[in-house]
There are 4 protein chains.
Amino acid sequence: MSQVAEDNARLEVAIARTRAEVAGLHAELVRYGLVVWTGGNVSGRVPGADLFVIKPSGVSYDDLAPENMILCDLDGNVVPGTPGADRSPSSDTAAHAYVYRNMPEVGGVVHTHSDYAVAWAARGEEIPCVITAMADEFGGPIPVGPFAIIGDDSIGRGIVDTLTGHRSRAVLMRNHGPFTIGATAKDAVKAAVMLEDVARTVHIAKQGGELIPIPQESIDALYHRYQNVYGQTTDDRR
Amino acid sequence: MSQVAEDNARLEVAIARTRAEVAGLHAELVRYGLVVWTGGNVSGRVPGADLFVIKPSGVSYDDLAPENMILCDLDGNVVPGTPGADRSPSSDTAAHAYVYRNMPEVGGVVHTHSDYAVAWAARGEEIPCVITAMADEFGGPIPVGPFAIIGDDSIGRGIVDTLTGHRSRAVLMRNHGPFTIGATAKDAVKAAVMLEDVARTVHIAKQGGELIPIPQESIDALYHRYQNVYGQTTDDRR
Amino acid sequence: MSQVAEDNARLEVAIARTRAEVAGLHAELVRYGLVVWTGGNVSGRVPGADLFVIKPSGVSYDDLAPENMILCDLDGNVVPGTPGADRSPSSDTAAHAYVYRNMPEVGGVVHTHSDYAVAWAARGEEIPCVITAMADEFGGPIPVGPFAIIGDDSIGRGIVDTLTGHRSRAVLMRNHGPFTIGATAKDAVKAAVMLEDVARTVHIAKQGGELIPIPQESIDALYHRYQNVYGQTTDDRR
Amino acid sequence: MSQVAEDNARLEVAIARTRAEVAGLHAELVRYGLVVWTGGNVSGRVPGADLFVIKPSGVSYDDLAPENMILCDLDGNVVPGTPGADRSPSSDTAAHAYVYRNMPEVGGVVHTHSDYAVAWAARGEEIPCVITAMADEFGGPIPVGPFAIIGDDSIGRGIVDTLTGHRSRAVLMRNHGPFTIGATAKDAVKAAVMLEDVARTVHIAKQGGELIPIPQESIDALYHRYQNVYGQTTDDRR
């Protein structure tokens, strides 16, 4: 096989794997109650290519499958002639694309309207880091991004501006909801699940009275341990 | 086949489809936790006829099937001799009928006692539009309808008076609960699901402190985009 | 067959049916999230006999079956030699027995520690009737019974004293939790399910601000209609 | 068979049973919604040996099985050459080991981040005993343990110091979450389930207004009855 043919074959395999992974991960959003109806979306970067795979717009979670995931370039354009290309991609595709273009370390992006995270977003209030699981996972508070509406790059830019250089893999876009990023699509989904869990827990805690802060040096120690020691492999850690 | 025979055959098909659709959609009320026991009901207009199909009264969700859905005329009278006609239709049938008589663009109506929507209704408080998903879906706040009890047309009239000319497909009938309408029964069910989601999210947000309003021009922009661009077809958009 | 043999055969059938019904109804407590671990219990009176059937103590909901339900007389004593009689009945058996002895119209009793109902009970606060579904089902507020602990007839007496002459089929025993009664075991289970639903809804409503009361004459009208018109049969109505 | 061979055979059986029991009990954490993603862990002491079995770190609940549970000595070291020994044990293993070393009566330990329990922990507030189910199960309030982070024996010591001589089998480690202990692993899981249930119920109750305390002598009477009478066997009672 020529080098070009080999590269093409490798790319086809990478795309097929990413389609399967992204399609499958949507079931986790349903399992953890992060989405209703057709809301929410997961995308994953195709390793070694300037491409990503994302959910189609307005399709039931029951009907998602690898072959109806949509392949896009990093400008968010559907790659013509590929499976699923006859459908529209998620209406949040431009925001995902902006993140992939500007954060090369990101391999997955997730957006949901999970209730407790959206509730903090509707007040434009960051979630304070008062539980050790948050320190482990996010290394501090969950930040709030700007108010931005669909139609240009303002959502993507808000995500990138807020998360660049931040420990948190989650941002609460004001009056809108959470976006999470990760080294892989699975990692971004984990961040979305853990985010809703801490958003809920800290909300409940706050309703009951005064929260006790965790000292910054303990937050730092927990975050560094978790990123380096937890789980079986680097992937489990995140 | 004569024209009359053809028309009859077409009507039979339309009725059978509506029975199947309405029976099946009740499972969505269960899936999203909008109903308990035998509460709640979905109806759907039979396309091309002055008829609609509705759930029987007091029957378990486990036992609903196309053949026990009940066919009614637009005055809410059961059509004699049709499958299911030996049972009583939903006790909310008069309200559904009133909506179909007075809002010809409506193809489906849903009523539930979903908890968060009822909670706003028990205070007679409209749900403010502070999250973008609400702007997309409902184009503004969810309005409150009058207090009205079963027995005459007052519930139906309250729904129609509140929703006529309003962007929202959902109304919170005071001290009672939500009714939602849609171009199709599925669209009305989607509205019921999204309504409970926003009722819950905005409740949680409000418990935590001051809500940030969304500027009216952003609400308008979001609503118009969503009605025209989201999803694969016009049906997905709603 | 002699009259005695016929009566015995009829009794055996009635017992077998009650065992099956009571065992099966426990699944509804699980379905609606009213119980955790082995908590909660349903009992049903054997029609035509001074006997009732109740859940064994401390047995997993996964393992409940007609043959391990326990047959008791109206003093709460296990009937020796019957299936299940080698196990202890629910530790709430004395309270159920007291209700059957003193309220001959009652055919079923349910006890749970469902969260929202217990929360009202921990404050000793009746649930006000601010939603029409409560007026339909309970005809007014849900009353609070006295604080009473296991060991004598004080729980049973508290239930009977509170519910005798009251429209409500549910009582919140102070600092303890709800007991519900019904014409049948299924009716008592329905009351337990509807009670938790209204306890939750009215709690949420109250957290958000001032509740709007329903005028007494509307409560009366709704209650009378629902008891006489709703559902397919008298049984559905309750 | 020699005595040594017999003892070894008996030990192998005990280990195999403990692996199966601990693996299976993790499903209860999922069933009752106490954990998300790979969080939470159950361990069980091997009867008659200075060994315990615990969950691997960062492995999905879908993939847990007897053969990937990890066998540890009471210093928390993985026993080399045993099934699962190629993987890392739960990152909370040191805390579990400390409990087994210092509380010989403990046969099982559970740790979760269940939301309502963590919410009380984030305020460092003990859960007051205002419902009879708490008096039954925990004999009084749920105590708060010290703030302690992973890395040495401080979490284990905090658990042991708080629970030694206390009726409660549950402790809320400040800003972290609950640990529960039991005579068996199943008993510790029951405590984790009941803890979250009471944490949730008392939170809801407290949001609604003033709680009514239960007199100490009633708490004592309920606790003593429940420990001695409830269920079919001693095991059911806890």
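Fair warning: this is a prediction, and the values are worked out from it, not measured in the lab. (Residues numbered from 1 in each chain as written. Chains lettered and ligands numbered in written order. Predicted model: local features only at pLDDT ≥ 70, side-chain atom pairs only at ≥ 80, totals over all residues. Heavy atoms only, no water.)

Caption draft 1: Structural detail: the arrangement of the chains. Looking at chain A next to chain C, you find no contact at all, with the nearest C-alpha pair sitting 11 Å apart. With respect to C-alpha atoms, chain B approaches chain D no nearer than 11 Å, and the pair has no contact. (Contact = heavy atoms within 4.5 Å.)

Caption draft 2: Quick peek at the packing of aromatic side chains. Applying the stated criterion to the full structure yields 8 aromatic pairs over all chains. The interplanar angle of 40° and the centroid separation of 6.3 Å between the aromatic rings of B:Trp37 and C:Tyr32 together place this pair among those described as tilted. On the criterion of chain membership, the pair formed by B:Trp37 in the loop between helix H1 (3-31) and strand S1 (41-45) and C:Tyr32 in the loop between helix H1 (3-31) and strand S1 (41-45) is interchain, its members lying in two chains. Positioned above the aromatic ring of A:Trp120, the side-chain terminus of A:Arg123 is 4.9 Å from the ring centre. (Phe/Tyr/Trp six-rings, centres within 6.5 Å; stacked < 30°, edge-to-face > 60°. Helix = DSSP H or I, 4+ residues; strand = E, 2+ residues; numbered from the N terminus. Lys NZ or Arg CZ within 6 Å of the ring centre and 35° of its normal.)

Caption draft 3: Examining helix H3 (residues 115-123) of chain C more closely. Summarising burial for H3(C): 9 of the 9 residues are buried, a large majority. Contacts from the buried residues of H3(C) go to strand S6 (170-173), strand S7 (177-182) and helix H6 (185-207) of chain C together with helix H6 (185-207) of chain D. Positive phi shows up at C:Gly124, right after H3(C), with a value of about 60°. (Buried < 20%, exposed > 50% of the residue type's maximum accessible area, 1.4 Å probe, protein only.)

Caption draft 4: A look at the UniProt feature "coiled-coil region" (unreviewed entry) in chain A. UniProt records the feature "coiled-coil region" (unreviewed entry) for residues 1-28 of chain A in the present numbering. Between the C-alpha atoms that bound residues 1-28 of chain A the distance is 39 Å, and the span itself is 93% helix and 0% strand. (UniProt positions renumbered as here; feature names shortened; annotations may be inferred.)

Caption draft 5: Looking closely at the pairing of strand S1 (residues 41-45) of chain D. Residues and elements named next belong to chain D. The buried count for S1 comes to 5 of 5 residues, which makes it a mostly enclosed element. Neither face of S1 is open: one carries Asn41, Ser43 and Arg45, the other Val42 and Gly44, and all of them are buried. The sheet contact formed by S1 and strand S2 (residues 51-54) spans 3 bridges and is antiparallel. Considered in S2, the bridge of Arg45 is made with Phe52. Here S1 hands over to S2 after 5 residues, with Gly48 in that stretch at a positive phi of 80°. (Pairing = 2+ DSSP bridges.)

Caption draft 6: Expanded view of the sheet that holds strand S4 (residues 108-111) of chain B. All names here are of chain B. One open sheet holds the 7 strands; their spatial order is S3-S2-S1-S4-S7-S6-S5, and the pairing between them is mixed. Strand pairing shows two members of the sheet lacking a second neighbour, strand S3 (70-73) and strand S5 (144-145), which therefore form its edges. Pairing of S4 with strand S7 (residues 177-182), which is carried by 4 bridges, proceeds in the antiparallel orientation. In the strand pairing of S7, Val110 is matched with Thr180. In the packing of H1 onto the sheet, the strands contacted are S1, strand S2 (51-54), S3 and S4, and the crossing angle to S1 comes to about 155°. Each of S1, S4, strand S6 (170-173) and S7 is contacted by helix H6 (residues 185-207), which is oriented at about 140° to S7, the strand it contacts most. (Axes fitted to C-alpha atoms, helices over the stretch in contact; angles between N-to-C directions.)

Caption draft 7: Fine view of the UniProt feature "domain: Class II aldolase/adducin N-terminal" (unreviewed entry) in chain A. The UniProt record annotates "domain: Class II aldolase/adducin N-terminal" (unreviewed entry) at residues 20-203 of chain A. Regarding residues 20-203 of chain A, the helix share stands at 36% and the strand share at 16%, and the terminal C-alpha atoms are separated by 35 Å.

Caption draft 8: Quick peek at the nonpolar core. Of all hydrophobic cores here, the largest spans 220 residues; its most connected members are A:Ile127, B:Ile127, B:Leu195, C:Ile127 and D:Ile127. If we skip the residues at most four places from it in the chain, B:Ile127 touches B:Trp120, B:Met134, B:Pro141, B:Ile142, B:Leu172, B:Leu195, B:Val198, B:Ala199 and B:Val202. (Core = buried A, V, L, I, M, F, W, Y, C linked by side-chain atoms within 4.5 Å.)

Caption draft 9: Local environment of the interface of chain D and chain A. Counting from both sides, the interface comprises 29 residues of chain D and, opposite them, 34 residues of chain A. Of all residues in chain D, D:Trp37, D:Asp115 and D:Arg123 bury the most surface against chain A, accounting for 27% of the area lost on that side. Counting across the chain D and chain A interface gives 2 salt bridges. With a closest N to O distance of 2.7 Å, D:Asp62 and A:Arg31 form a salt bridge. In this structure, the connection of chain D to chain A is made through 11 residue pairs in polar contact (both at pLDDT 80 or more). At 6 residues, helix H3 (residues 115-123) of chain D tops the list of elements feeding residues into the side of chain D that touches chain A. Class assignment of the residues belonging to the side of chain D that touches chain A gives a composition of 11 nonpolar, 11 polar and 7 charged. (Buried area = accessible area lost by both parts, 1.4 Å probe. Salt bridge = Lys/Arg side-chain N within 4 Å of Asp/Glu carboxyl O. Polar contact = N/O pair within 3.5 Å; in protein donor to acceptor, adjacent residues only side chain to side chain. Nonpolar A, V, L, I, M, F, W, Y, C, P; charged D, E, K, R; others polar.)

Caption draft 10: View of the relation of the copies chain A and chain B. Once turned by 90° and shifted 0.0 Å along the axis, chain A lies on chain B with an RMSD of 0.0 Å. Expressed as a symmetry operation, the mapping of one chain copy onto the other fits a four-fold axis. Measuring from the rotation axis to each C-alpha of chain A, the shortest distance belongs to A:Gln207, at 5.4 Å. Take the interface residues of chain A: only 3% of them recur as interface residues in chain B, which is what a contact between different surfaces looks like. (Least-squares fit on C-alpha atoms with pLDDT ≥ 70 in both.)

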